[in-house]
Each structure stands twice: as C-alpha cells, then as structure tokens.
Amino acid sequence: MPAPRLILPGLYELALPIPLGSVNVFFMLTAGGVTLIDTGYPDRGAGVLAGLAALGRQPEDVQHIIITHHHIDHAGNIAALQARTGAAVWMHPLDAEQVGQGQALRPTAHSADGWFNRLAFGVGKLLMPAKITPARVDRLATDGAVIPVAGGLEVIHIPGHSAGQIGLRWPAQQVLFAADAVMYRGKGLQSPIVLEDKTAAAHSLARLDRCQFTTLCFGHGPALSENAATVFHRYAAVQAG
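Residues numbered from 1 in each chain as written. Predicted model: local features only at pLDDT ≥ 70, side-chain atom pairs only at ≥ 80, totals over all residues. Heavy atoms only, no water.

Here the focus is the pattern of salt bridges. For the structure on display, the rule yields seven salt bridges. As a salt-bridge pair, Arg106 and Glu196 come within 3.2 Å of each other at their nearest N and O atoms. Of this pair, Arg106 sits in the loop between α4 (93-100) and β7 (110-111) while Glu196 sits in the loop between β15 (194-195) and α6 (198-209); the two residues are 90 residues apart in sequence, bridging distant segments of the chain. (Salt bridge = Lys/Arg side-chain N within 4 Å of Asp/Glu carboxyl O. Helix = DSSP H or I, 4+ residues; strand = E, 2+ residues; numbered from the N terminus.)

Encoded structure:
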C-alpha cells in the first residue's frame, strides 16, 4: 500500500485502488485532530487506516469525515471508518439521503461524451456494485456552509456528476478540492466519466473557475500545485466553448 503523499504542510493525498484506476482520500492534520475527505472503495478501510498510521495518527484522532458525493469509490467505507473512528460524517443532503439508503449510483447516471467514457462507464457498471453499506450522516454540508476545520472549509455545491456533490475551498492554504467535477488523467484535466446532468456540470465547472486557489485537488489524479489556477481556467474555457 503506498504511503500518503505530502501536498503541503498538514495535507496529504492517498491514492487507493479501484476498478479501472484509483481514487484519492485526503488527510488534513491539525492540532485538533484529523479530517478525512472521502473514504475510498468498499473494503479499502484498512488502507485508509494504514495511511493514517503512516502519518503517526490513530483512528480515534479522526474528528471529521467529509464525503464529496455518494458514489461507491468515495463513500464506500463510510460505515466502516465511522465505526472505527467515531468521527462526525458530513455530506450534502441530496447525497446523504442516498448513503442512508446504501445507494451508490442514481438511475439518472450516464457516461460523459466520448468513446473512452462510454466504454469505462459500461465496464464500471459491470465491476462496481450498485450498493454500499448504509451509513449515518451526522451533519449536512450545504452550499456556503463553513466546516470548522483548519480555519474553515467552505462548502461549494457542484452538482452534475452527482446531485449532491460538493467541492471544498480551504482559504488558509488556498486549496480547492474539486471532487469529481474534473479529473487529472494522463497529462491533463479531463471531464468525469460519469454524469447525471451535463448542464449542471458545466455550471459547476464555471463556479469553481471563479474560486481563488493555488493548489487543486481531485478525486482522481494527483493534486496540482504549479500554475493550478491557470491550468484550470484554460480547461474551463475550452469546456465552455
């Protein structure tokens, strides 16, 4: 299992395996404890805890678990990690309802444009279960809310990939967590494979483009620090046509 990768002081990224690739779990370390952003694919909880141990922290140090959206590769370990850590789980209400029911994909989900996305979506539906272990969501992360972690994490509702997807902005370190609104794949930014609403996804991308940040974190692919805002702005401009 790879060790968490340092992005900047207090923030680490751990890439966990999933069918067709990997998904990121983020560790935010503060004097008050640890915050996890996303939990990975089901049965990867041991990998998350191993990453935590590699950083010198214990399960009981985890105070908050923030889930960007309900898809199985991000929400698959909520119940297991919640039981081990006792942490409070945060989600947007639209996707919190899905997690409470153990639903990992809405019927409205479809592939983004392009042959690769269509192929990957089809294969993913065959390989990835449609259910997760139902989990309790303790606190609702609504648009504009500030989660009391590391000086405050601003919640940005960014539907399209999932109706309840959220991004997070950490002003203290000028970090933007874009969830799956965009992916870093290969050598550049690309659209997510799965969409629920193409128009909403475009609006969400434009909204993120108005944020101020110097580091950009993704649900899939390594975080980007060098010229992150410029790279994102160029990508968003192309997508807007």
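After that view of the structure, there is still more to cover.
Across the sheet, which stays open at both edges, the five strands sit in the order β9-β10-β11-β12-β16 with mixed pairing between neighbours. The outermost strands of the open sheet, each flanked by one partner alone, are β9 (146-147) and β16 (215-217). Where strand β11 (residues 166-170) and strand β12 (residues 175-177) come together, three bridges link them in antiparallel fashion. Note that in β12 the partner of Trp170 across the bridge is Val175. (Pairing = 2+ DSSP bridges.)

This part covers the pairing of β11. The buried fraction of β11 amounts to five of the five residues, a majority that puts the element mostly inside the structure. Burial of the side chains of β11 extends over both faces: Ile166, Leu168 and Trp170 are buried on one face and Gly167 and Arg169 on the other. Pairing geometry for strand β10 (residues 153-157) and β11, over four bridges, is antiparallel. Along β11, the bridge assignment pairs Val155 with Leu168. Between the antiparallel neighbours β11 and β12 lie four residues, among them Gln174 with a positive phi of about 55°. (Buried < 20%, exposed > 50% of the residue type's maximum accessible area, 1.4 Å probe, protein only.)

Its boundaries defined by the atoms lining it, the largest pocket holds a volume of some 750 Å³. Lining of the largest pocket is provided by 36 residues; of these, Ile18, Asp73, Met128, Ile193 and His220 occupy positions nearest its centre. Elements that contribute at least two residues to the lining of the largest pocket include exactly β2 (11-18), β3 (21-30), α2 (72-75), α5 (115-127) and β13 (183-185). If one sorts the elements of the lining of the largest pocket by residue count, α5 sits on top with seven residues. (1 Å grid on protein atoms, 1.4 Å probe; cavity = no way out; pocket = protein on both sides within 12 Å on 5 of 7 lines; lining within 4 Å. Points joined across faces, edges and corners; volume = space filled by probe spheres on them.)

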